[in-house]
Amino acid sequence: GDAPDAAAKEGNGGQAAPKEGAEATSTATAATTEGDNDEAAGRSEEEMTKHSVVAHLASLLRREKVRTTAVRALGQLVAGDPHAPFRNAALLAILGMHTVKDVELQLVVGDALATLAMSPPRQASSAPPPALPRIKPPEAPAVTGTGADATLAERTADAATACELAAGDTLLRYVLGRVLLQHVVAWAPLERQAGAAWLLALLRQAAKSGGGELAVRTAAGRIQAALVGLLADSNEATQELASKGLSALFDCCDEASRATILQELVAGLQSSRAANASASGGEMATYKELSEIATSVGQPALVYKLMECAASSAVWNTRKGVAFALAEQSRDALEPHLPSLLPTLFRYTFDPNPRVANAMRQLWAALVPDPKPALTKHLQPVLEHLCASLGDRLWRGRESACLALAELLPGRTLAELSPTLARLLTALLRVLDDVKETVRKAAEPAWRAVSSACVRLSDGGRASASDAEAVLEIALPILLDGVLLPSEEVRAVCTKQLLKLVQGSGKHVGPHTPRLVPFLIESLSSNESSALTYMQQHAPGLGVSAGTFEAARVAAARASPAHAALEQCLAIMDDAQVGATVPRLSEILVRGTGLPARCGAARVVLQLARDRQSALTPHAGKLLSVATRAILEERSAAARRAYASAAAQLARLAKPEPLGDLLRSLTQRYVLTAVTTNEQEERLTLASLVRELGRGAPDAMGGLRADWLPLAFIGRHEPRWEAERQEAGKQHEAGALASVWEEAYDEGGGNAGAAASHLQELLALLRTMVDGQSWALRRAAAAALIDLANLSSGALKKRPDAASQFELLAASLRESSRRWDDKEALLPKLNACFPPPPTPHAAPPPTESADM
């Protein structure tokens, strides 16, 4: 039950200290021998009895079970008799308890000191009182505050003044002086803790009895300076004792004194932390925050009551601690200001600093016994404060606001959230990309909370139409803007949340589809696995064709959640919304980023052309032109196929004039394509497009045969490509390009009659090819000319309107200056169909007549 030797040694400034009871006993014994022998001889029997009682009680202080009672008894003995000869013995025995760690006992010691210090003498005496024990200020105080620059000489003089005692005076000035000058500034942590507990008990007793208020007011500045210094102590119990002491000091003062100490306190808390000799980890953060809370509501004086309530130490759960814990009047004083205090206080309960958070939770529990209805009642001020705190310049403010929102938002209604929902979403997107990692991590649960609330309130099956539309009206524009932000993490969470809203809200999302559909198309590429893109770039090294990887990428995109959401949007769009989507669809078709996005846009156009014909018909011509341009500029075979399928569906809806213009432009591009390495690939693309147009819109293409059939007829005779010629056993088969044209020609109703019907268009196209620069096209023209000559048993070449043109074309092909592929092989066949004129011989010289 005794104090440890180390603690006793520390309490004596590094010198070995005797045990508590031994010290008290020796002190009491020394006190009983003070004075002259004559004075001792004249003592009464009663005085001698009190001396022995004090000595006995001092000896009991070393026994843990009875020392609390012994301390109280010593205080009662001196109470009312501050000038008794045994006073110093009792006083030193009580003050010698500063090395004990038990805070509950120190509060009892403080009560005993208050009892003996504030009790006036019961009997008047003219004899001078005995000298008080000397106060010994340390050379360098461990705790500094206001007046910390006082020299040792000045502090020693103050100590001497406190020891002066006139007849009829109480011991309060001495006790206050000793506690302030010696104990609360000591270097031993236990002694500072004891001094804080004693000050709290003295101030509480002064406020309760009113007996020592004058002395307290006189020393209020020094008392507050000492207590503010203890707020930065490394010991949590010492901090909380000091905070409660400040509240008790405030209660002791009159209005003038309160104004003075309040100004000093707020200034001190807003400045840098107080110096503390052993403040390794000791902080004043909690009390600075309490000062800010009080100042924010326009009541700086509330900081004293907040300090009294903000106690989380286990000390206040003890039997004695309960009596010093939360004063009822402090709670009553704070109650009128609760609506203003509650928002800030709620956020501070989630402060990243554990010490601040624990203190604030204790304060929250004291002021808000039933938090759920209180938060519901004051929800708007709380949300407003948290929204503002998300943009706080201090990272602790942003982090605590995020954690508080994660706790506050679940289960809230639209009426509760709608006033601040837009600002919450915007602010949370910022903190999701915060510079500090802990803030970003704290923002994640807050984002999940607000996201879940949005999904729940816009649910197509459970939420009302008005609620769902209101939520989507607020959330979707912010999320759509969020996907354009530079942060990859923010774009990812916005995309994920958009997909959830679209999938969950059903038909309510209809008004937003003009913006959603383009976004969902582009998200097919942005959400694509980078592994597929990497593998396609290295496809040759992996032994897999690029077309296989392209097909895999397109298939993966169709299986993604974004594609499912896209299908849902297409199903609920009305005609006006379809029309509003067309401009962005056109942009993605031509300038879309990524294969999945471009193929997705083509598929959307195909579905709209197939299922929403009335809505897309006014835009079919424009989209068909865009799709054709996209096909010609696209390098991916998979995308070209997707574009061709979309163009085929659009051809069914387009008017004959724009479709005819498109076919004529395709023919012109096919014939005039420059002889480059991409010539064959581009012609294959054009041939495939014509074939797909014929398959998708047979009726429309049937009415425009004059614009494409001649090209298909000639294209069937395209030669095999150089790479194809090297394939063994296939030298006599049609190449890829010729095969596509053959399919287009056959499926489009091509035959001898169709060729005869469009003979003039055929001959005109043949003339263009023969006069062109492409050797491959000249070869195709020669083969087509031979084929035409043999149709209908050679009847076509004998038609009066065509015979001369056939001969001219054949003559042009025979010219030695015109080169073309396989000329040596085809020229005999050409000459067989169109025999060249005989070569003229020189005329014989004239002969003279017989008459001459």
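Rules of the game
- Residues numbered from 1 in each chain as written.
- Predicted model: local features only at pLDDT ≥ 70, side-chain atom pairs only at ≥ 80, totals over all residues.
- Heavy atoms only, no water.
- Helix = DSSP H or I, 4+ residues; strand = E, 2+ residues; numbered from the N terminus.
- Buried < 20%, exposed > 50% of the residue type's maximum accessible area, 1.4 Å probe, protein only.
- Contact = heavy atoms within 4.5 Å.
- Phe/Tyr/Trp six-rings, centres within 6.5 Å; stacked < 30°, edge-to-face > 60°.
- Lys NZ or Arg CZ within 6 Å of the ring centre and 35° of its normal.
- Polar contact = N/O pair within 3.5 Å; in protein donor to acceptor, adjacent residues only side chain to side chain.
- Expected span 1.5 Å × (residues − 1).
- Salt bridge = Lys/Arg side-chain N within 4 Å of Asp/Glu carboxyl O.
- Axes fitted to C-alpha atoms, helices over the stretch in contact; angles between N-to-C directions.
- Parallel < 35°, antiparallel > 145°, perpendicular 65-115°, else oblique.
- Left-handed = near helix turned anticlockwise from the far one by under 90°.
- Nonpolar A, V, L, I, M, F, W, Y, C, P; charged D, E, K, R; others polar.
- pLDDT = per-residue confidence, 0-100.

A separate point is the overall build of the protein chain. Along the backbone of the protein chain there are 48 helices and 0 strands. Counting across all 852 residues of the protein chain, residues that qualify as buried make up 52%. Across the protein chain, the fraction of contacts at a sequence separation of at least 24, relative to all contacts at a separation of at least 6, is 73%.

Take the packing of aromatic side chains next. Scanning the entire structure with this criterion turns up 4 aromatic pairs. On the numbers, 5.8 Å between centres and 65° between planes, the contact of Phe 713 with Tyr 745 is edge-to-face. Separated by 32 residues along the polypeptide, Phe 713 in helix H41 (residues 705-715) and Tyr 745 in helix H43 (residues 736-747) bring together distant segments of the chain. Here Phe 713 falls in the buried class, since its relative accessible area comes to 2%. On the basis of relative accessibility, which here comes to 3%, the residue Tyr 745 falls in the buried class. An aromatic cluster of at least three residues, connected via ring pairs, comprises Phe 346, Phe 350 and Trp 364. In this structure, Arg 716 packs its charged tip against the face of Tyr 745, placed 4.3 Å from the ring centre.

Turning next to the side chain of Glu 718. Within the secondary structure, Glu 718 is located in the loop between H41 and helix H42 (722-725). Side chain to side chain, Glu 718 and Tyr 670 meet in a polar contact 2.5 Å long. Setting aside chain neighbours within four positions, we find Glu 718 in contact with Tyr 670, Arg 683, Leu 737, Ala 738, Trp 741, Ala 776, Leu 777, Arg 779 and Ala 780.

One full turn of an α-helix is made of 3.6 residues, so residues set three or four places apart face in the same direction. With 14 residues, helix H23 (residues 395-408) should reach 20 Å at 1.5 Å per residue; the first-to-last C-alpha distance of 20 Å fits that figure. Listed as buried for H23 are Gly 397, Arg 398, Glu 399, Ser 400, Ala 401, Cys 402, Ala 404, Leu 405 and Leu 408. Lining the buried residues of H23 we find helix H19 (338-348), helix H21 (371-377), helix H22 (379-389), helix H24 (414-431) and helix H25 (437-457).

Within the structure shown, the criterion is met by 22 salt bridges. The salt bridge partner of Arg 691 is Glu 692, with a shortest N-O separation of 3.7 Å. Comparing Arg 691 with Glu 692 shows no difference in burial state: the two are buried. Two residues, Glu 743 and Arg 695, come together in a salt bridge whose shortest N-O distance is 3.2 Å. Taken as a pair, Glu 743 in helix H43 and Arg 695 in helix H39 (residues 679-696) lie far apart in primary sequence, 48 residues in all.

Taking 1.5 Å as the rise per residue, helix H10 (residues 189-209) with 21 residues should run 30 Å; its terminal C-alpha atoms sit 30 Å apart, in good agreement. Counting buried positions along H10 gives 16 out of 21 residues, so the element sits mostly inside the fold.

It is worth spelling out the packing of helix H36 (residues 620-633) against helix H37 (residues 637-653) at this point. Relative to each other, H36 and H37 sit at 155°, their axes nearing to 9 Å. Taken together, the axes of H36 and H37 are roughly antiparallel relative to one another. The interaxial crossing formed by H36 with H37 has left-handed handedness. Contacts between H36 and H37 involve Ala 620, Leu 623, Leu 624, Ala 627, Ala 630 and Ile 631 on the former and, on the latter, Arg 640, Tyr 643, Ala 644, Ala 647, Leu 650, Ala 651 and Leu 653.

Next up on the list: the packing of helix H34 (residues 595-611) against H37. Close contact between H34 and H37 brings their axes to 8 Å; oriented N to C, the two are set at 20°. Our classification of the angle between H34 and H37 gives roughly parallel. Crossing handedness for the pair H34 and H37: left-handed. Listed contacts from H37 to Leu 595, Arg 598, Cys 599, Ala 602, Val 605, Leu 606, Ala 609 and Arg 610 of H34 are Ala 638, Ala 639, Ala 642, Tyr 643, Ser 645, Ala 646, Gln 649, Leu 650 and Leu 653. Of the residues contributing to the contact of H34 with H37, the split by class is 13 nonpolar, 2 polar and 2 charged.

Now for the confidence of the model for the protein chain. Across the protein chain, the average pLDDT comes to 77, with 77% of residues at or above 70. Confidence drops under a pLDDT of 50 for residues 312-329, and excluding neighbours within four residues, the segment shows 44 contacts in the predicted structure. Of the regions scoring below 50 in pLDDT, residues 848-852 engages in 0 contacts with residues more than four places distant in sequence or in other chains.

This next bit is on the environment of Leu 107. Tracing the chain through its elements places Leu 107 in helix H7 (residues 103-118). Taking relative accessible area as the criterion, Leu 107 reaches 0% and is therefore assigned buried. Measuring from C-alpha to C-alpha, the distance between Leu 107 and Leu 241 comes to 9.7 Å, with 134 residues separating the pair along the chain.

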